[in-house]
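In case you want the letters, here they are:
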Amino acid sequence: MFQRNVPLKALNTFGFDSIAERFVRLESVDDIHALHASLDENPSPLLLIGGGSNLVLGRQVPGVVAQVAIAGIECEELGGDRVRVTLGAGEEWHSSIESLLRQGIYGLENMALIPGCVGAAPVQNIGAYGVEVKDRIEAVEVYDWQQRRCFWLKNADCEFAYRDSVFKRHYDRYLITRVRFLLSRVAECVVTYKPLRDAIETGLEVSPQAIFDAVCRIRREKLPDPVVLGNAGSFFKNPVVSMSQYETLKAKCPNIVAYAEGDGFKLAAGWMIDQRGWKGFRQEGVGVHEHQALVLVNYGKGDRRQIEALAGMISEDIQVHFGVQLEIEPRFYP
């Protein structure tokens, strides 16, 4: 069942040299049951991965690394313009959006080119350009390690929040097997973000395809391709602060970039990092991307220790200068 001493460099988008003590691909629920039975007989640490887009791995990963590779795409017409789409957790996220667009099924185009697999999307409640994945999810199918069975969790039971979910808070309990989306054959274009509106070519009708193309163009211009330069996308969350804290910061930094969020404001972490001069900074084998301060990169010889040290330096500087605590998005393991 297991492969031993498997290199994980191609299975984490930072491209860190990492070795799994034991490795297995999970392509069905039966594979999950078999893995569970094996772990009953020989208890070991377990790391579940998809495309490895939100991980910072150490050089040695003890126990078992299980890659969730459950495939499949099902489309069910619900009447009117609504379409229920069920995707296997192992399907690649961006190519799934491309496939749905070709079929005239809309709703996910604002989140194009986000790296990773479908199963990772609900964990982090990924989002971009005015849309979060929670806005499109109807339910998530999980394997519950405690109950030893699969079942569907409705959207409300997923406890979605900004870059958060029940799956992230209970990482060791739920394995996502499939995700069900409620999408549409009628375009409901979301262009609330000015950079997205500006990126849609003059004269073009605002359409799902135009949004998709503009998002891809923006991301390619600002964000490094993990295949070329290892990274995990946005490394820090945009912190949310109270109204009073925002007003204090605004008085100190009149140009601070922020957006209303509930009773407070969401601060642009990338702006703060950039203001402190970190953009383009390089130390040992890692650094801050030259075009996007929110992205930490591996120049080819980096490792977990170096990224952790760099992230700590940036966080401390932001805390001292702005009085704001940055929270890291990727998961460090082990």
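Calculation criteria
- Counting restarts for each chain, with residues numbered from 1 along the sequence as it is written.
- The predicted nature of this model means local features are confined to residues of pLDDT at least 70 and side-chain atom pairs, given and counted, to a pLDDT of 80 or more, with totals for whole chains, interfaces and linings taken over all residues.
- Working from all heavy atoms in the structure, the side-chain values ignore hydrogens and water.
- Strands pair, by our definition, only if DSSP identifies at least two bridges between them.
- To qualify as a helix, a DSSP run of H or I must reach at least 4 residues; to qualify as a strand, a run of E must reach at least 2; elements of each kind are numbered from the N terminus.
- For salt bridges, the criterion is a side-chain nitrogen of Lys or Arg within 4 Å of an Asp or Glu carboxyl oxygen.
- Throughout, exposure labels follow a simple rule: accessible area from a 1.4 Å probe, protein chains only, divided by the maximum for the residue type, with under 20% read as buried, over 50% as exposed, and the rest as partly exposed.
- Should any heavy atoms of two residues lie within 4.5 Å, those residues are considered in contact.
- A fitted line through C-alpha atoms represents every axis, and for helices the fit uses only the stretch in contact; the resulting angles, taken between N-to-C directions, go from 0 to 180 degrees.
- Identification of polar contacts relies on pairs of N or O atoms within 3.5 Å, with a donor-acceptor requirement for protein atoms, meaning one able to donate a hydrogen and the other able to accept it, and with residues adjacent in sequence counted only if both atoms are side-chain atoms.

(A) Spatial organisation of the sheet that holds strand S19 (residues 295-298). The four strands are arranged S13-S19-S18-S17 in an open sheet whose pairing can be described as antiparallel. With partners counted over all chains shown, the strands left at the sheet margins are strand S13 (230-234) and strand S17 (282-283), one partner each. Here S17 runs beside strand S18 (residues 286-288); their pairing, made up of two bridges, is antiparallel. Within S18, the position partnered with Arg-282 by the bridge is Gly-287.

(B) Region of the structure containing the pattern of salt bridges. One pass over the full model with this rule turns up 23 salt bridges. Between Arg-178 and Glu-141 there is a salt bridge, with its nearest N and O atoms 2.9 Å apart. Taken together, the residues Arg-178 in strand S12 (residues 174-184) and Glu-141 in strand S10 (residues 137-144) connect sequence positions 37 residues apart. When its relative accessible area of 23% is taken as the criterion, Arg-178 is described as partly exposed. Between Glu-159 and Arg-169 there is a salt bridge whose closest N-O contact spans 2.5 Å. Of this pair, Glu-159 sits in the loop between strand S11 (149-154) and helix H4 (166-169) while Arg-169 sits in helix H4, and the two are ten residues apart along the sequence. Classification of Glu-159 as partly exposed rests on a relative accessible area of 41%. Taking relative accessible area as the criterion, Arg-169 reaches 41% and is therefore assigned partly exposed.

(C) Unusual backbone geometry, seen in detail. With omega at -5°, the peptide bond leading from Tyr-333 into Pro-334 counts as cis. Within the secondary structure, Pro-334 is located in the segment after strand S20 (331-333). Located in the positive-phi region is Asn-5, a residue other than glycine, with phi close to 50°. Tracing the chain through its elements places Asn-5 in strand S1 (residues 3-7). Positive phi, normally seen in glycine, also occurs at Glu-159, with a value near 55°.

(D) Spatial organisation of helix H2 (residues 93-102). Buried residues dominate H2, accounting for seven of its ten residues. Every buried residue of H2 is listed here: Trp-93, His-94, Ser-96, Ile-97, Ser-99, Leu-100 and Leu-101. Lining the buried residues of H2 we find strand S6 (73-77), strand S7 (82-88), helix H3 (120-124), S12 and helix H6 (208-222). A positive backbone phi angle near 75° is found at Gly-104, which sits one or two residues after H2.

(E) Structural detail: the pairing of strand S15 (residues 258-261). Strand direction decides the pairing type here: S15 and strand S16 (residues 264-267), joined by four bridges, are antiparallel. Each bridged residue has a counterpart across the sheet, and for Glu-261 the counterpart in S16 is Gly-264. Between S15 and S16, which pair antiparallel one after the other, the connecting turn spans two residues, and Gly-262 there sits at a positive phi close to 60°.

(F) Focus on the sheet that holds strand S14 (residues 240-242). A sheet is described by the order of its strands in space; here three strands give the open sequence S14-S16-S15, paired in antiparallel fashion. Unpaired on one side and paired on the other, S14 and S15 mark the two borders of the sheet. For this sheet, the mean inter-axis angle between neighbouring strands, taken without regard to orientation, is 35°. Sitting on the sheet, helix H7 (residues 243-252) is in contact with S14, S15 and S16, with an inclination near 95° to S14.

(G) Representation of the environment of Asn-110 in the model. Note on placement: Asn-110 falls in the loop between H2 and H3. Contacts of Asn-110, omitting those with residues within four sequence positions, involve Ala-128, Tyr-129, Val-131, Val-190, Leu-196, Ile-211 and Val-215. A polar contact of 2.9 Å, which involves the side chain of Asn-110, links it to the backbone oxygen of Tyr-129. Among the polar contacts listed, one links the side chain of Asn-110 to the backbone oxygen of Val-190, at a separation of 2.9 Å.

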